[in-house]
Amino acid sequence: MMRIVKSREFLVLALLVTMILAVSTVNKAVLYPITLINIVNSSLFLMLLTVGQMFVILTRGIDVSVGAIAGLSAVIFGFALNAGAPLPLAMLAALATGAVAGMVNGLGVVLIGVPPIIMTLSTLGIYRGLMRVLTGGSWIEQVPPSIKSLAVTRVYSVPVMVWVVLAVVIVTAVLMARIRAARWFYAVGDNRDGAFLLGINAAATEFAAYAFSGLFAGMAAVVFVAQIGFVPMQTGSGQELKAIAAVVLGGVSLMGGTGRIWSAVVGALFLTAVDSMMIFLKVPGSWNNAVAGAVLLSVVIADYLIRRSLRNRQAVARAAEMRGADGPTMRMTEARS
Amino acid sequence: MILPGWAKSWEFVLGCTLIAEIVILGLISPAFLNIENLLFSTSDFAHVILAAIGLTLVIITGGIDISGVSVMGLASIVLGLSFVAGAPIGLAVVIALATGVAAGGLNGLVVTSTDVNPLVITLATLFLFAGIATGLPTLLDLLGFKAYGAGGFEAYQYEGITGLPKSFTRLGTGAIGWVPFPLIITVAVTALASWLLWATRFGRYLTFIGTSAEVARYSGIPVRRTLIGVYAFNGLTAAIAGLVLTAYFTSARSDLGSEALLNIITAVVLGGTSIQGGSGSVLGTFLAGLVLGYLRQGLLALGITSDVVPVIIGGLLVGSVSLKILSGEFNRRRANRAAYRAGRLAEGNDRG
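Residues numbered from 1 in each chain as written. Chains lettered and ligands numbered in written order. Predicted model: local features only at pLDDT ≥ 70, side-chain atom pairs only at ≥ 80, totals over all residues.

Counting its secondary structure elements, chain B contains 15 helices and two strands. The C-alpha extent of chain B, read off along each of the three principal axes, is 95 × 55 × 35 Å. Pairs at least 24 apart in sequence give 76% of the contacts found in chain B among residues at least 6 apart. (Helix = DSSP H or I, 4+ residues; strand = E, 2+ residues; numbered from the N terminus. Contact = placed C-beta atoms within 7 Å.)

A tally of helices and strands in chain A yields 15 helices and two strands. What you see for chain A is a C-alpha radius of gyration of 22 Å, in line with the 20 Å of a compact globule of 337 residues. Taken along the three principal axes of its C-alpha coordinates, chain A extends 75 × 55 × 35 Å. Each of the 337 residues in chain A was classed as buried or not, and the buried ones make up 47%. Pairs at least 24 apart in sequence give 76% of the contacts found in chain A among residues at least 6 apart. (Rg over C-alpha atoms; globule rule 2.2 N^0.38 Å. Buried ≥ 20, exposed ≤ 12 C-beta atoms within 10 Å, placed from the backbone.)

In this structure, Leu 48, Ala 220, Val 223, Ala 245 and Leu 296 of chain A together with Val 244 of chain B are the most contacted members of the largest nonpolar core, which totals 207 residues. For this core, the element with the most residues is helix H11 (residues 202-228) of chain A, which contributes 18 residues. Those residues in contact with Leu 48 of chain A, other than ones at most four positions away along the chain, are Val 165, Phe 216, Met 219, Ala 220 and Val 223 of chain A. (Core = buried A, V, L, I, M, F, W, Y, C linked by C-beta atoms within 7 Å.)

Positive phi, normally seen in glycine, also occurs at Arg 60 of chain A, with a value near 75 degrees. Mapped onto the fold, Arg 60 of chain A is located in the loop between helix H3 (33-58) and helix H4 (66-82). For Arg 60 of chain A, a count of 20 C-beta atoms within 10 Å corresponds to the buried category. In this model, Thr 250 of chain B sits at a positive phi of 50 degrees, which is unusual for a non-glycine residue. With respect to the helices and strands, the residue Thr 250 of chain B is situated in the loop between helix H12 (223-249) and helix H13 (261-270).

Below, the discussion takes up the interface of chain A and chain B. Taken together, the contact between chain A and chain B spans 41 residues of the former and 38 residues of the latter. When residues of the side of chain A that touches chain B are traced back to their parent elements, those giving at least two are helix H5 (87-112), helix H6 (116-135), helix H12 (239-249) and helix H14 (288-322) of chain A. In terms of residue count, H6 of chain A provides more of the side of chain A that touches chain B than any other element does, 14 residues in total. Here the residues of the side of chain A that touches chain B sort into 28 nonpolar, eleven polar and two charged. (Nonpolar A, V, L, I, M, F, W, Y, C, P; charged D, E, K, R; others polar.)

Residues of chain B with pLDDT of at least 70 account for 92%, and the chain-wide mean is 86. Scoring the predicted complex yields pTM 0.84 and, for the interface, ipTM 0.81. (pLDDT = per-residue confidence, 0-100.)

Residue and element names in this part refer to chain B. Its location among the elements puts Ala 87 in the loop between helix H4 (68-84) and helix H5 (89-113). Of the residues examined, Ala 87 has 15 C-beta atoms within 10 Å and is grouped as partly exposed. Here the alpha-carbon distance between Ala 87 and Ile 221, two residues 134 residues apart in the chain, equals 41 Å. Setting aside its immediate chain neighbours within four residues, Ala 87 contacts Ser 82, Ala 92 and Ile 95.

Bringing the environment of Val 231 of chain A into the picture now. Topologically, Val 231 of chain A is positioned in the loop between H11 and H12. In contact with Val 231 of chain A, other than residues within four places in its own chain, are Ala 74, Val 75, Gly 78, Trp 139, Ile 140 and Val 225 of chain A.

A separate point is H6 of chain A. All names here are of chain A. An ideal rise of 1.5 Å per residue puts 28 Å on 20 residues; H6 measures up with 28 Å between its terminal C-alpha atoms. H6 sits mainly inside the fold: 16 of its 20 residues count as buried. Downstream of H6 by a residue or two, Gly 136 has a phi angle that is positive, lying close to 70 degrees. (Expected span 1.5 Å × (residues − 1).)

Residue and element names in this part refer to chain A. One can describe the packing of H4 onto H5 by two numbers: an axis separation of 8 Å at closest approach and a directional angle of 150 degrees. Judged on the interaxial angle alone, H5 and H4 are roughly antiparallel. Pair H4 / H5 crosses with right-handed handedness. Judged by residue contacts, Ile 69, Leu 72, Ser 73, Ile 76, Phe 77, Ala 80 and Leu 81 of H4 engage Leu 89, Ala 90, Ala 93, Ala 94, Thr 97, Gly 98, Ala 101 and Gly 102 from H5. Looking at the contact of H4 with H5 residue by residue, the class counts come to eleven nonpolar, four polar and no charged. (Axes fitted to C-alpha atoms, helices over the stretch in contact; angles between N-to-C directions. Parallel < 35°, antiparallel > 145°, perpendicular 65-115°, else oblique. Left-handed = near helix turned anticlockwise from the far one by under 90°.)

Okay, structure coming up:
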């Protein structure tokens, strides 16, 4: 229990609940179930990007191309639908586009050894350019209405999209916990050389992380097109930085090796909720980015201070132990651990 | 043929690339070779080079600062707001530059006070500064400041602030002879940063910290002060870039420069600065910025749509870095083989 309470996800979740409760004292409408459902619904796109991003960051990489991948996948999705492909096939095309785009990143990072930020920054430009080249720079306005029905259909008054994404997240979480190879992401991110010496295929693990990141970006594209009903050129633009911010906010360390799916989910929910809260507080939308940035900055600084004080306390406790201090100190350290 | 040392440097390669690029583009479209045209088209991308120069110094220390793109917009809107609030334009420029230094200093302060990755910190401040830039006009309204014209400050949020005095916009549109002011400013900042890097203790510290922050600290180097200084300098160059862009567009906007991140980092990396820190060159960044900028101009002149340009720039970035890595690998293998052969030879001699 203590472990959960001390975790970063819990800190951010508590902040999220506090924020919503605080806003509800000004505007009751925040607490209506429909409002909360809408917040979750509008966080789906970012959430999928964030979960994908998490895999890459776990391995100590970074993927700034996810927004562009989502844009490219959305365009392919739109093309496939307009070419008369059945919905499942079109979705598959979008997912495949995302996965392939992610694999290209993976190849550059693993095979050639290009630093992740350089590799994905390059593909950010390439994919976004490709997207414009493919469409000739114009929006795909005509998307069959069948796809839109996915977004408006509600089961138990919750959009079916939310259920689907929830299922994806839960399945991924279960797989992450059950499959042994899933731990390779952590091992490689924590200590690549050590993982290699243990017989883990570090290169394949990193490659898989980028492929997953692309795959999830492809899913995000499907959600986006379903929710909006057309493909604007700005699809996913700037979302890569939001996704990284959400991952970090949720407690995934950029140094690799720590973080869970829930970190990604909570981070994405929080960043989306901040935007919604601004609306309920009638703060002009122009402040959204400032608030998101300030929150991210304060959370990482607070996290650093907490970690430092924990470390100091542990060091003090250890020093006391070494001196052979008895009774009270020992008991106190036991109670803490 | 033995090349002199300077001819092997990356800057020399970039210089040759630049000349070759201009000649090739000139052969395809002769209008491109007009000197005046060549000089004046630098105004389109001077802001990228300016921001990249500050970033070069930061990356040399092993850090990174992606918030510069937001500082550009912030400096621009601060200048505009100070001006419409009644400050003389000179004072407004000083306030805007000071804002840039403060923004960069904040980055440096947080980077040195915590062990959090600079990418995360500057990602947070990227949002923070961009948000402040877009939100500032409404805040001034709330605080009850009075602006000229109807609609208060909020009206400036989307349409930008125009009507800046000639003495300021000359910095973006004017020229001395054939040399436009943005280019003069860029060259001056390049010279300043090169001097800082090569001729001052501060510059040497930067390389030292980038090679090993730990060793630098144990050697008694003021790591904290140096890092805060370099992030503040990056804030300053980003602010200068924002102001040059403002003068060039003759309009102060909060979203100026927000699209430039890919180009800025490409210029730094193509310029030969290692993203891992420890080595880098301001001149290289300047030349790489010119190569990239003219490439873009040339492609557009050739009738290639601007949509394809990021594809090519992205390809160039990953291509140049891959080439560097692969050639390094190749050289290492060759050195290994040579050493192995020399070893075999020595062994044979011993036996004989």
